[in-house]
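# Structural overview
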Amino acid sequence: MGLTLLLGVFVLGLAIGLPVAVTLGLSSMAYLLFAEIPLVVIPQKMYAGIDSFVLLCIPGFILAGNLMNSGGITERIIRFANALVGWMRGGLAQANIAASMLFGGISGTAVADVASVGGMMIPGMTKAGYPAAFSAAVTASSSTVGPMIPPSVPMIIVGSLSGMSVGKLFLGGAVPGILMGLAMMVTTVILARKHKFPREPWQGMKELFSSFSGAIWAIAMTVLIVGGLLTGYTTPTETAIVASLYAMLVGLFVYRELPWRAIPGIITNSAISAAGILVLVGTANVFGWILVSERIPQMLADGVLSITDNRFLVILLINLLLLFVGMFMETIAALIILFVPLQTLALAVGIDPLHFAVFAVMNLMIGLTTPPVGVCLFVAANIARLPLSPVIRAITPYILTNLFMLLMVSYFPPLSTWLPNWLMP
């Protein structure tokens with residue numbers, strides 16, 4: 001009965017539109033009251049969930065992304081992406097995807113990508129003659145690449161849950177993230193030829209080099225982050241602080257578009273965003289502790305293994321579960337609740353933990369663009385001022401493309417393990 005109450009309140013909260021953190025907290029409280037467990041457990045487990053040095057990365061990377069975005073970085077990335085691939089059929093859509101790949105190496109979150117890149121690209125594409133639904137679909141789907149390319153907030157969460165190296169997790173997601181972006185660009189070429197989307201004129205090598213020189217400081221941030229982790233000079237948390245200082249200096253003295261008076265507001269907004277994530281981490285930890293106390297992870301593993309211990313079938317079942325959960329639940333909450341139980345199952349059939357982490361995160365990234373609760377889908381549709389239904393129809397080819405890439409990463413482990421094992425043996 002207690003478990004039924006826990007899940008019932010959780011589903012009801014999601015159904016009526018409560019924030020995920022509030023839903024997790026209320027359902028956990030309902031269970032504890034029914035089980036007559038003191039409610040003091042809630043703050044204790046919330047604190048235990050966020051009492052991790054690795055999680056200090058999150059405020060730092062959010063601040064770095066906001067500083068770079070406020071300092072004129074989005075415009076420069078879009079300009080470079082347009083000069084690089086805008087001449088292709090469907091050029092602005094290609095530039096949109098390329099910009100998301102570059103921006104993902106700065107923000108580390110998909111929603112920030114949609115809001116920043118989409119705020120400029122969706123109106124621009126619509127004005128250039130692209131259907132508004134297609135413009136929103138491209139923006140939403142390409143944003144899922146961001147959290148795969150380092151830095152990545154979901155990978156930081158996985159590192160705190162599993163004890164795996166955050167540097168290795170960052171590198172593990174890099175190749176799959178790049179392949180996702182390239183696959184979406186191929187899909188765009190096919191759609192652009194079919195629907196005869198416009199193409200931009202080739203702007204010449206001068207514009208390409210000029211736009212690259214404008215964006216190089218932003219691109220260098222990814223190099224700074226990965227380089228610090230690879231060389232061992234900085235921990236992930238120290239890297240996030242260095243990235244924030246770098247972003248502030250570039251915005252103030254290189255691009256000169258970041259006014260001093262804006263910095264306190266940026267810090268405040270970044271703190272609010274980070275606090276929201278950490279509250280979600282804390283309440284999800286309470287919820288996860290209850291599931292563990294009810295032996296749900298062991299029951300899940302035993303149930304699947306009683307059906308099959310074939311590695312390929314287990315991977316398929318894990319993917320189906322995570323894709324389903326990703327349709328309804330926020331990424332971080334889903335990771336905290338499900339990652340450890342599913343990792344136990346994955347290890348039981350011999351799946352490499354790094355490989356599992358990468359395709360687990362990839363599943364939930366795809367979930368950000370799937371109805372009914374795909375956050376990136378909602379944001380893109382809101383920017384385009386469209387109802388969800390036409391955007392869902394337009395995004396279907398990209399979801400299918402990403403599902404194909406998910407199968408590639410799931411069943412060919414070197415795509416996620418080769419680079420980190422080579423650079424960080």
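Residues numbered from 1 in each chain as written. Predicted model: local features only at pLDDT ≥ 70, side-chain atom pairs only at ≥ 80, totals over all residues. Heavy atoms only, no water.

## Overview of the overall build of the chain
- When you go through the chain residue by residue, the secondary structure sums to 20 helices and 0 strands.
- Relative to the compact-globule value of 22 Å for 425 residues, the chain shows a C-alpha radius of gyration of 21 Å, a close match.
- Counting the 425 residues in the chain, one finds 54% classified as buried.
- Residue pairs at least 24 apart in sequence account for 80% of intrachain contacts in the chain once pairs closer than 6 positions are excluded.
- Total accessible area computed for the chain in this model is approximately 17,800 Å², and 71% of it derives from carbon and sulfur atoms.
- Charge centroids of the chain, computed over 17 positive and 13 negative side chains, lie 18 Å from each other. (Helix = DSSP H or I, 4+ residues; strand = E, 2+ residues; numbered from the N terminus. Rg over C-alpha atoms; globule rule 2.2 N^0.38 Å. Buried < 20%, exposed > 50% of the residue type's maximum accessible area, 1.4 Å probe, protein only. Contact = heavy atoms within 4.5 Å. Areas by Shrake-Rupley, 256 points an atom, 1.4 Å probe, with all protein chains shown as cover. Lys, Arg positive; Asp, Glu negative; His and termini not counted. Charge placed at Lys NZ, Arg CZ, Asp CG, Glu CD.)

## Quick notes on the packing of aromatic side chains
- Inspection of the entire model under this criterion finds 12 aromatic pairs.
- Note on Phe134 and Phe197: the rings are 4.6 Å apart at their centroids and 40° apart in plane angle, and the pair reads as tilted. With Phe134 in helix α8 (residues 132-143) and Phe197 in the loop between α10 (166-195) and α11 (204-231), the pair connects residues that are 63 residues apart, well separated along the chain. Each member of the pair, Phe134 together with Phe197, is buried.
- Of the aromatic side chains, those joined through ring pairs into one cluster are Tyr130, Phe134, Phe197 and Tyr398.
- The residue whose ring lies beneath Arg76 is Tyr255, and the NZ or CZ to ring-centre distance is 4.0 Å. (Phe/Tyr/Trp six-rings, centres within 6.5 Å; stacked < 30°, edge-to-face > 60°. Lys NZ or Arg CZ within 6 Å of the ring centre and 35° of its normal.)

## Some words on the packing of α8 against helix α19 (residues 388-411)
- It is the contact of α8 with α19, at a shortest axis distance of 8 Å, that shows an interaxial angle of 40°. By the angle class used here, α8 and α19 are oblique. By crossing handedness, the relation of α8 to α19 is classed as right-handed. On the side of α8, the interface is formed by Ala133, Phe134, Ala136, Ala137, Val138, Ala140 and Ser141, while α19 contributes Pro390, Val391, Ala394, Ile395, Tyr398 and Asn402.
- Among the residues making up the contact of α8 with α19, the classes are represented as 11 nonpolar, 2 polar and no charged. (Axes fitted to C-alpha atoms, helices over the stretch in contact; angles between N-to-C directions. Parallel < 35°, antiparallel > 145°, perpendicular 65-115°, else oblique. Left-handed = near helix turned anticlockwise from the far one by under 90°. Nonpolar A, V, L, I, M, F, W, Y, C, P; charged D, E, K, R; others polar.)

## A short note on the side chain of His355
- Take His355: it is sitting in helix α17 (residues 353-367).
- Within the structure, His355 has its side chain in polar contact with the backbone oxygen of Ser410 (distance 3.0 Å).
- Residue contacts for His355: discarding those within four places in its chain leaves Val409, Ser410, Pro413, Ser416 and Thr417. (Polar contact = N/O pair within 3.5 Å; in protein donor to acceptor, adjacent residues only side chain to side chain.)

## Here's the deal with the side chain of Thr283
- Here Thr283 is to be found in helix α13 (residues 263-293).
- Looking at Thr283, the relative accessible area reads 8%, which means it is buried.
- Within the structure, Thr283 has its side chain in polar contact with the backbone oxygen of Leu280 (distance 3.2 Å).
- Residues contacting Thr283, with those up to four places away along its chain left out, are Ala21, Leu24, Gly25, Ser28 and Met46.

## Quick word on the nonpolar core
- Counting 134 residues, the largest nonpolar core has Leu24, Phe134, Ile318 and Phe356 as its most contacted members.
- Beyond its immediate stretch of four places on either side in the chain, Phe134 contacts Ala93, Met125, Thr188, Leu191, Phe197, Ala394 and Tyr398.
- Ala174, Val226, Leu419 and Met424 belong to the second largest nonpolar core, which has 5 residues in total. (Core = buried A, V, L, I, M, F, W, Y, C linked by side-chain atoms within 4.5 Å.)

## Some remarks on the packing of helix α16 (residues 331-348) against α17
- Packing of α16 against α17 leaves a shortest axis separation of 10 Å and a crossing angle of 145°. Judged by the sense of rotation from one axis to the other, the crossing of α16 with α17 is right-handed. Counting all contacts with α16, which are made through Thr331, Ala334, Leu335, Phe339, Leu342, Gln343, Ala346 and Leu347, the residues of α17 involved are Pro353, Phe356, Ala357, Val361, Leu364 and Met365.
- Looking at the contact of α16 with α17 residue by residue, the class counts come to 12 nonpolar, 2 polar and no charged.

## Quick word on helix α4 (residues 57-70)
- Here α4 contains 14 residues, and its C-alpha end-to-end distance of 20 Å stays within 8% of the 20 Å for a straight helix at 1.5 Å per residue.
- Extensive coverage of α4 is indicated by the burial of 10 of its 14 residues.
- Residues Cys57, Ile58, Gly60, Phe61, Ile62, Leu63, Ala64, Gly65, Leu67 and Met68 constitute the buried set of α4.
- In the stretch just after α4, Gly72 is the one whose phi turns positive, near 95°. (Expected span 1.5 Å × (residues − 1).)

## Some remarks on the confidence of the model for the chain
- Of all residues in the chain, 97% have pLDDT values of 70 or greater, and the mean over the chain is 84.
- Ranking the helices and strands of the chain by mean pLDDT puts α19 first, with 93, and helix α7 (residues 110-127) last, with 75. (pLDDT = per-residue confidence, 0-100.)

## Quick word on the pattern of salt bridges
- Within this structure, the stated rule accounts for 2 salt bridges.
- Linking Glu207 and Arg79 is a salt bridge whose minimum nitrogen-to-oxygen distance equals 2.8 Å. Remark: Arg79 occurs in helix α5 (residues 73-85) and Glu207 occurs in helix α11; sequence separation between them is 128 residues.
- On the basis of relative accessible area, Arg79 is assigned to the partly exposed category, the value being 37%. (Salt bridge = Lys/Arg side-chain N within 4 Å of Asp/Glu carboxyl O.)

## Brief notes about the environment of Ile290
- With respect to the element layout, Ile290 can be found in helix α13.
- Ile290 gets classed as buried once you look at its relative accessible area, which sits at 0%.
- A sequence separation of 231 residues divides Ile290 from Pro59, and the C-alpha atoms of the two residues are 27 Å apart.
- Ignoring anything within four residues of it in the chain, the contact list for Ile290 reads Leu6, Ser28 and Tyr31.

## Quick notes on the environment of Gly25
- Along the chain, Gly25 turns up in helix α2 (residues 20-34).
- For Gly25, a relative accessible area of 24% puts it in the partly exposed group.

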